[in-house]
Amino acid sequence: MATLAAHDPIPTHWTEGAPSAVDLAHIPGEGGWPLVGNTLKMLKDPHAFTRRMVEIYGRVYKNKAFGGWNVGLIGADANELLLFDRNKNFSSEQGWGPILDQLFPRGLMLMDFDHHRADRRALSIAFKPGPMRHYSGSLNRGIAQKVEDWGEGPMQFYPAIKTLTLDLAADSFIGIEWGPEADKINTAFIDMVQASVAPVRKPLPFTQMKRGVDGRKFLVDFFTAETHRRRAEGGGQDMFSQFATAEYEDGSLMPVDEVVDHMNFLMMAAHDTITSSATSLIWLLAKHPDWQEKLRQEVESVTGGIGADGRPRDLDYDDMGKLELLEMAFKEALRMVPPVPSTPRRALREFEFGGYRIPAGTHVGINAYFVHHEEENWDNPHAFDPMHFTPEKVKARHKYAWVPFGGGAHMCLGLHFAYMQVKILMAQLLPRYRIELVQEPDWQPWPIPKPRDGLRISLKAI
Ligand code: HEM
């Protein structure tokens with residue numbers, strides 16, 4: 001039985017060492033057109049494509065896209081198999097590598113097993129209650145100011161929350177003030193993120209990839225100098241300072257270049273995901289004024305609503321857990337529009353699933369979006385209903401039927417940060433404004449969902 005080792009170099013292209021059409025002949029599915037395979041069909045409407053493949057071929061199917069074969073494994077059981085990965089059969093490094101390795105090498109999702117465990121443990125220090133309390137202070141300050149600046153009237157929510165999330169990251173992630181330095185960092189970062197999904201993968205002059213590679217160089221230089229400085233002078237309580245001084249179990253510090261790569265990766269992992277999920281929550285609440293009102297009342301009963309200075313009061317770190325309905329509504333938004341709709345892995349060993357033998361080296365993927373809309377897991381799956389997340393309903397459901405943050409060893413490290421930012425945002429928005437939908441958005445579903453028109457809403461002062 002062929003086996004690839006977890007520490008083998010990441011293939012520079014995902015067909016390297018991958019099974020051929022002959023090796024996969026026993027698995028149902030299709031290769032699509034010559035050269036492009038099913039890439040164009042998938043890009044046009046990825047959700048309709050998955051539905052069609054499942055209808056025709058079942059829950060294990062092969063598909064050729066982006067230059068290679070891939071096997072889709074669909075359902076809550078498949079999610080558990082890949083994410084929990086009891087037998088250490090699946091490499092995240094070699095699953096995400098072809099997509100992310102050029103610009104975000106050695107991030108946590110690009111590591112496997114022992115090395116991953118050691119680094120994740122060291123970095124977890126940045127998400128303990130002490131630092132989280134500190135970030136909550138900086139989020140309350142930054143969000144209050146920006147929501148006030150947004151003011152009444154029509155706006156495009158998506159670009160506004162994107163900018164706000166970047167500005168917040170400068171403060172709570174990097175510990176620098178808003179201003180020209182933060183702007184430079186933000187520009188370099190945006191260039192990198194855009195390049196990670198650019199069609200031209202070589203940094204040729206004037207391409208997005210070249211801008212991304214230049215952006216990466218700028219950020220690597222900045223974070224390297226800052227890691228040395230913060231180690232020598234002591235840093236603040238921001239996330240980067242926590243990373244810079246994070247220690248392994250034996251008390252040793254992480255190599256500086258690894259700190260830098262983790263920081264770059266973390267900013268990427270946090271940014272578009274929070275932006276996408278906050279946008280889908282606002283969209284759904286604008287469409288469901290009854291739920292908007294329920295959440296407004298909950299927020300006001302927890303924070304006290306508008307204070308003596310006429311501004312919404314801060315949401316205290318210790319009160320986050322009291323916003324139960326808001327948390328359920330956010331979970332529902334993450335169910336309906338998961339920011340990471342599908343997740344890749346690479347099989348390191350041959351394995352069996354759904355009656356099929358899948359060879360070592362196969363690129364495999366699960367689909368959160370599909371499972372989040374299956375009738376066998378959700379009653380009325382296409383309706384917005386935060387009551388899907390009552391404790392009884394959650395208990396009765398397959399544990400891997402809701403996986404917006406993944407699961408197992410690679411489960412999102414920043415999920416509590418995401419909940420916190422969205423709760424603080426709502427604690428500032430809801431007591432001030434009624435949110436109305438101006439135009440139903442057309443969602444671009446992939447790679448991270450976003451409304452093509454920016455989500456046109458109107459804020460009406462209360
Ligand atoms: C709603 C917002 C977010 C969503 C939906 C989300 C989703 C995910 C998912 C699905 C994974 C696992 C991918 C896999 O198993 O291959 C992941 C991993 C990760 N996320 Fe998030 N994320 C969010 C916000 C954040 C934030 C705010 C941060 C940092 C502050 C963050 C940091 C990370 C990191 C470091 C990993 C890699 C963990 C590992 O490999 O051990 N994420 N995220």
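Remember, it's a predicted structure, so these values are computed and weren't measured experimentally. (Residues numbered from 1 in each chain as written. Predicted model: local features only at pLDDT ≥ 70, side-chain atom pairs only at ≥ 80, totals over all residues. Heavy atoms only, no water.)

S.K.: Mind laying out the packing of aromatic side chains, listing which residues take part and the relevant values?
M.R.: The geometry of an aromatic ring pair is captured by the separation of the ring centres together with the interplanar angle, meaning the angle of the planes. Inspection of every chain in the model, using the stated rule, returns 13 aromatic pairs. For the ring pair Trp150 and Phe157, a centre distance of 5.8 Å and an interplane angle of 75° mean the geometry is edge-to-face. Residues Trp150 and Phe157 agree in their burial class; the two are buried. Seen in terms of ring centroids, Phe405 and Tyr419 are 5.7 Å apart; in terms of plane orientation they differ by 55°. Their pairing is tilted. Linking Phe405 in the loop between helix H15 (391–396) and helix H16 (415–429) with Tyr419 in helix H16, this pair joins segments that are 14 residues apart in sequence. Comparing Phe405 with Tyr419, the two get one shared label, buried. (Phe/Tyr/Trp six-rings, centres within 6.5 Å; stacked < 30°, edge-to-face > 60°. Buried < 20%, exposed > 50% of the residue type's maximum accessible area, 1.4 Å probe, protein only. Helix = DSSP H or I, 4+ residues; strand = E, 2+ residues; numbered from the N terminus.)

S.K.: Just give me the short version of the coordination of the iron atom of the ligand, but keep the residues and values in it.
M.R.: Among protein residues, the single donor to the iron atom of the ligand is Cys412 (SG), with a metal-donor distance of 2.3 Å. Residue position: Cys412 is located in the loop between H15 and H16. (Donors = N, O, S within 2.8 Å, 3.2 Å for Na, K, Ca; no water.)

S.K.: So what's going on with the environment of Arg106? Residues and values would help.
M.R.: Structurally, Arg106 can be placed in the loop between helix H4 (92–100) and helix H5 (113–123). Linking Arg106 and Gln439, residues 333 residues apart in sequence, is a C-alpha distance of 41 Å. Residues within four places of Arg106 in sequence aside, it is in contact with Asp101, Met111, Asp257, Glu258, Asp261 and His262. In this structure the side chain of Arg106 is engaged in a polar contact, spanning 3.2 Å, whose partner is the side chain of Asp257. Polar side-chain contacts of Arg106 include one of 2.7 Å to the side chain of Asp261. (Contact = heavy atoms within 4.5 Å. Polar contact = N/O pair within 3.5 Å; in protein donor to acceptor, adjacent residues only side chain to side chain.)

S.K.: A description of the site of the ligand should follow, citing residues and the corresponding values.
M.R.: For the ligand, the set of nearby residues contains 29 residues, the closest of which are Trp96, His116, Arg120, His410 and Cys412. Between the ligand and Met109, the relevant distance is 3.4 Å, taken from an oxygen atom to a main-chain nitrogen or oxygen of the residue. At a separation of 2.7 Å, an oxygen atom of the ligand approaches a polar side-chain atom of Arg120. Considering every element that reaches the shell around the ligand, the biggest residue donor is helix H11 (residues 256–287), with 7 residues. The residue inventory of the shell around the ligand, partitioned by class, reads 20 nonpolar, 7 polar and 2 charged. (Near = heavy atom within 4 Å. Nonpolar A, V, L, I, M, F, W, Y, C, P; charged D, E, K, R; others polar.)

S.K.: Go over the pairing of strand S9 (residues 363–367), please, and point to the residues and values.
M.R.: Across the 5 residues of S9, 5 count as buried, placing the element largely inside the fold. Of the two faces of S9, the one lined by His363, Gly365 and Asn367 and the one lined by Val364 and Ile366 are each fully buried. Two elements, strand S3 (residues 68–73) and S9, share 2 bridges in a ladder whose sense is parallel. The residue bridging Gly72 from the neighbouring strand is Gly365, located in S9. (Pairing = 2+ DSSP bridges.)

S.K.: Quick rundown of H5? Include the residues and the values.
M.R.: Of the residues making up H5, those classed as buried are His116, Asp119, Arg120, Ala122 and Leu123. The arc enclosing the buried residues of H5, seen along the axis, measures out at 160°, which places them on a common side. Exposed and facing more than 90 degrees away from the buried side of H5 are Asp114 and Arg121. The elements touched by buried residues of H5 are helix H10 (239–244) and H11. (Arc of directions from axis to C-beta.)

S.K.: Can you tell me about the packing of helix H8 (residues 180–196) against H11, naming the residues and giving the values?
M.R.: Axis separation between H8 and H11 bottoms out at 11 Å; the angle between their running directions is 80°. Taken together, the axes of H8 and H11 lie roughly perpendicular to each other. For the pair H8 and H11, the contacting residues are Ile185, Phe189, Ile190, Met192 and Val193 in the first and Asn264, Met267, Met268, His271 and Asp272 in the second. Looking at side-chain class alone, the contact of H8 with H11 contains 7 nonpolar, 2 polar and 1 charged residues. (Axes fitted to C-alpha atoms, helices over the stretch in contact; angles between N-to-C directions. Parallel < 35°, antiparallel > 145°, perpendicular 65-115°, else oblique.)

S.K.: Give me the pattern of salt bridges: which residues, what numbers.
M.R.: Under the criterion given, the structure shown has 32 salt bridges. Arg121 is paired through a salt bridge with Glu249; the nearest N and O atoms lie 3.8 Å apart. Linking Arg121 in helix H5 with Glu249 in the loop between H10 and H11, this pair joins segments that are 128 residues apart in sequence. Here Glu249 falls in the exposed class, since its relative accessible area comes to 58%. Within this structure, Glu226, Arg229, Arg230, Glu233 and Asp238 form a network of salt bridges that share partners. (Salt bridge = Lys/Arg side-chain N within 4 Å of Asp/Glu carboxyl O.)

S.K.: Can you lay out the environment of Asp112 for me, pointing to particular residues and giving the numbers?
M.R.: Mapped onto the elements of the fold, Asp112 is located in the loop between H4 and H5. Judged by relative accessible area, Asp112 falls into the buried class, the value being 8%. When the C-alpha positions of Asp112 and Phe330 are compared, they lie 30 Å apart, and in sequence the two are 218 residues distant. In this structure the side chain of Asp112 is engaged in a polar contact, spanning 2.6 Å, whose partner is the side chain of Ser91.

S.K.: Before we move on, could you go through empty space enclosed by the protein and cite the residues and values that matter?
M.R.: Here the idea is plain: a probe the size of a water molecule rolls over the atoms and shows the empty space left. Scanning all chains against the criterion turns up 1 cavity of 30 Å³ or more. In this structure, the largest cavity encloses a volume near 110 Å³. If you trace the largest cavity, you find 15 residues lining it, with Thr165, Leu166, Ala169, Phe173 and His271 closest to the centre. When contributions to the lining of the largest cavity are tallied by element, the ones reaching two or more residues are helix H7 (157–174), H8, H11 and H16. For the lining of the largest cavity, the element with the most residues is H7, which contributes 6 residues. (1 Å grid on protein atoms, 1.4 Å probe; cavity = no way out; pocket = protein on both sides within 12 Å on 5 of 7 lines; lining within 4 Å. Points joined across faces, edges and corners; volume = space filled by probe spheres on them.)

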